[in-house]
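Read off the chains here:
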Amino acid sequence: MSALESDRVEGQRGAGPLPYGERVEDLSERELLLRLREQQDGAAREELIKRYLPLVKSLARRFASRGQPVEDLVQVGSIGLIKAVDRFDLDRGVELSTYATPTIMGEIKRYFRDKGWAVKVPRALQDLNVRLNRVVEQLTVELRRSPTIAELAAATEVSEEEVVEALESGRAYSSVSIFSGGGGEEDESLELLDYLGTEEEAYEIFEQRRVLAPAMARLDPRERLILHLRFFEGMTQTQVATRIGISQMHVSRLIRKSIDNLRQYMAEEEALAEAARGRGEV
Amino acid sequence: MAVTRLSAPHDIVTLHIARGGSALPVMRVLMGGMASRNDLPLDRLDDLHLAVETLLAEEPESGGELTLELSTPAGGFRVLLGGLVNQSVKAALVADDLFKPCPGCLLDVRLILDSLLDSHGVVDMDGVSFGVEMEKRAS
């Protein structure tokens, strides 16, 4: 088959219904990516993920000696793979594997970071952490400022050391609790509408300051708003919490999650630039 | 951003720790303990935590030692994170131009530290590594 014919066939199989008797398993990676981009073809997406699972397993095994089951790492790495497949841009001129590797690694590393040292947190500390979330909110209202550790210890009738430990142990759970709590969605939407103009300006500043506007686009609107209020309006976490209608500890978690996302985006971009340099494209 | 040298701090704690996964949680707990002696509100302590996390995220994950010196001068909390080697971060933190980008950094460390801290500054340590001194007032 000539190159011209090959391109024509790829174009046909990369878009529209598959010819009779053809299966997604028979398509090339590029054809699958075309189908995913042009038609949001779920079967093509699944096939891509299936083909790259061995890469996830291989990367997960590199972390096998760090005390976490490899199966768990494969699960976490798979999330990175799905993100990579969904975000991959065919026009970048790089292989999907080049793009997916740092994303998968990033997801696995983030998992270790979230787990930290407190892999097994005693039940009492977990309970104290939950209580502290509530008490911080109550005391912030009463005192009209963020409470100190001594004040938290007095309010929960435990030692200051236990408060410090419970706060630290809470970080292990930040990834699961990140979407819980918070104020009403309608209130948030109104707040976001108020800020749309200002947000545009914030993106420009972010661009100037090289925190990268494209990376900001990966955050959800609430996260963008929180970063804007904290880093450009100069509000404290407690002020941001009051403004958005969520707890200060939740603001803290969302700031970290947003910054982690921005950092991961930058790492991926850096890896891509490095790959392009290796091929002499830059 | 200038750092005022503080005289006669009340408590000084210095931690020497190898780089790696457990360094950050240990630092956070230590900072929490010291903050409780100085009535530092939780949101201000969290800003300090985030500043330290931001600096460490730009560093190699292994190899060598980090130091953390904590002191609690009246009305404030001072953290000196030492053993840092990312010279791009150092250049960004000492640059006169606030809007100078930070090539070689994942994020704009200067912007983040400016927002989180009352003051910060770079301290030369041994000619190879450097430290970042950070201060946060209690109120």
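The rules behind the values
Residues numbered from 1 in each chain as written. Chains lettered and ligands numbered in written order. Predicted model: local features only at pLDDT ≥ 70, side-chain atom pairs only at ≥ 80, totals over all residues. Heavy atoms only, no water. Helix = DSSP H or I, 4+ residues; strand = E, 2+ residues; numbered from the N terminus. Buried < 20%, exposed > 50% of the residue type's maximum accessible area, 1.4 Å probe, protein only. Areas by Shrake-Rupley, 256 points an atom, 1.4 Å probe, with all protein chains shown as cover. Salt bridge = Lys/Arg side-chain N within 4 Å of Asp/Glu carboxyl O. Contact = heavy atoms within 4.5 Å. Core = buried A, V, L, I, M, F, W, Y, C linked by side-chain atoms within 4.5 Å. Pairing = 2+ DSSP bridges. Axes fitted to C-alpha atoms, helices over the stretch in contact; angles between N-to-C directions. pLDDT = per-residue confidence, 0-100. Expected span 1.5 Å × (residues − 1). Buried area = accessible area lost by both parts, 1.4 Å probe. Nonpolar A, V, L, I, M, F, W, Y, C, P; charged D, E, K, R; others polar. Parallel < 35°, antiparallel > 145°, perpendicular 65-115°, else oblique. Left-handed = near helix turned anticlockwise from the far one by under 90°.

(A) Layout of the overall build of chain B. Helices and strands together make up the secondary structure of chain B, namely 4 helices and 5 strands. Listed N to C, the secondary structure of chain B is β-α-α-β-β-α-α-β-β in terms of helices and strands. Counting every position in chain B, which comprises 139 residues, the buried fraction comes to 57%. A total accessible area of about 5,500 Å² is found for chain B, and carbon and sulfur atoms account for 54% of it.

(B) Structural view of the pattern of salt bridges. According to the stated counting rule, one finds 25 salt bridges over all chains in the structure shown. Between Asp26 of chain A and Arg23 of chain A there is a salt bridge; the shortest N-O distance is 3.6 Å. By sharing partners, the salt bridges in this structure join Glu168 and Arg256 of chain A together with Arg28, Asp46 and Glu53 of chain B into a single network.

(C) Main features of the side chain of Thr148 of chain A. Its location among the elements puts Thr148 of chain A in the loop between α6 (123–143) and α7 (149–156). You can call Thr148 of chain A buried: its relative accessible area is 5%. Setting aside chain neighbours within four positions, we find Thr148 of chain A in contact with Asp39, Leu40, Pro41 and Leu42 of chain B.

(D) Here's a closer look at the nonpolar core. By size, the foremost hydrophobic cluster in this structure holds 72 residues, and its most contacted members are Leu55 and Met134 of chain B. Those residues within four positions of Met134 of chain B in sequence are excluded, and the remaining contacts are Leu48, Ala51, Val52, Leu55, Phe77, Arg78, Val79, Leu81, Leu117, Ser119 and His120 of chain B. One finds Val74, Ala84, Val85 and Leu272 of chain A within the second-largest nonpolar core, a separate group that totals 32 residues.

(E) Structural view of the sheet that holds strand β3 (residues 76–84) of chain B. All names here are of chain B. Taken together, 5 strands build an open sheet; the order of strands is β1-β2-β3-β5-β4 and the sheet is antiparallel. In the strand order of this sheet, the two ends are held by β1 (12–18) and β4 (119–124), each with one partner. Taking the axes of each pair of neighbouring strands and ignoring which way they run, one obtains an average angle of 15° across the sheet. Examined bridge by bridge, strand β2 (residues 65–71) and β3 share 5 bridges and lie antiparallel to one another. Considered in β3, the bridge of Leu68 is made with Leu81. Across the sheet, helix α2 (residues 42–57) touches β2, β3 and β5 (130–137), and the angle it forms with β5 is around 165°.

(F) Region of the structure containing the confidence of the model for chain B. Residue and element names in this part refer to chain B. The predicted model of chain B averages 85 in pLDDT, with 89% of residues at 70 or higher. The weakest mean pLDDT in chain B belongs to helix α4 (residues 109–116) at 88; the strongest belongs to β2 at 95. Taken together, the stretch residues 1–6 has pLDDT below 50 and engages in 19 contacts with residues farther than four places along the chain or on a different chain. Scored as a whole, the predicted complex attains pTM 0.63, and scored at its interfaces, ipTM 0.77.

(G) Highlighting the pairing of β3 of chain B. Residue and element names in this part refer to chain B. Judged by how many residues are buried, β3 sits mostly within the fold: 9 of 9 residues are covered. As defined by bridge partners, β3 adjoins β5 across 7 bridges and the pair is classed as antiparallel. By the bridge assignment, Leu81 is partnered in β5 with Val132.

(H) Seen up close, helix α1 (residues 23–37) of chain B. The first and last C-alpha atoms of α1 of chain B sit 22 Å apart over 15 residues, in line with the 21 Å expected at 1.5 Å per residue. Of all the positions in α1 of chain B, only Ala23, Leu24, Pro25, Met27, Arg28, Met31, Gly32, Met34, Ala35 and Ser36 of chain B are classed as buried. Looking at the buried positions of α1 of chain B, the neighbouring elements they touch are α7 and α8 (160–170) of chain A together with β1, α2, β2 and β3 of chain B. Looking one or two residues past α1 of chain B, Asp39 of chain B carries a phi angle of roughly 50°, positive in sign.

(I) Seen up close, the interface of chain B and chain A. Taken together, the contact pairs 35 residues of chain B with 33 residues of chain A. For the pairing of chain B and chain A, the buried interface totals around 3,200 Å² over both sides, and the portion due to carbon and sulfur atoms is 60%. It is Leu42, Leu106 and Leu107 of chain B that lose the most area in chain B upon contact with chain A, and together they represent 20% of the buried surface on that side. The interface formed by chain B and chain A contains 4 salt bridges. Between Arg230 of chain A and Asp47 of chain B there is a salt bridge, with the nearest N and O atoms lying 2.9 Å from each other. Contributions of two or more residues to the side of chain B that touches chain A are made by α1, α2 and α4 of chain B. Of the residues forming the side of chain B that touches chain A, the biggest block, 10 residues, is contributed by α2 of chain B. When grouped by side-chain class, the residues that make up the side of chain B that touches chain A number 19 nonpolar, 6 polar and 10 charged.

(J) Looking closely at the packing of α6 of chain A against α7 of chain A. All names here are of chain A. Where α6 meets α7, the axes come as close as 10 Å, and the angle between the chain directions of the two elements is 110°. On the basis of their axis angle, the class for α6 and α7 is roughly perpendicular. Between α6 and α7 the crossing geometry is right-handed. Contacts between α6 and α7 involve Leu128, Arg131, Leu132, Val135, Val136, Leu139 and Leu143 from the former and Glu151, Leu152, Ala155 and Thr156 from the latter. Tallied by class, residues from the contact of α6 with α7 come to 8 nonpolar, 1 polar and 2 charged.

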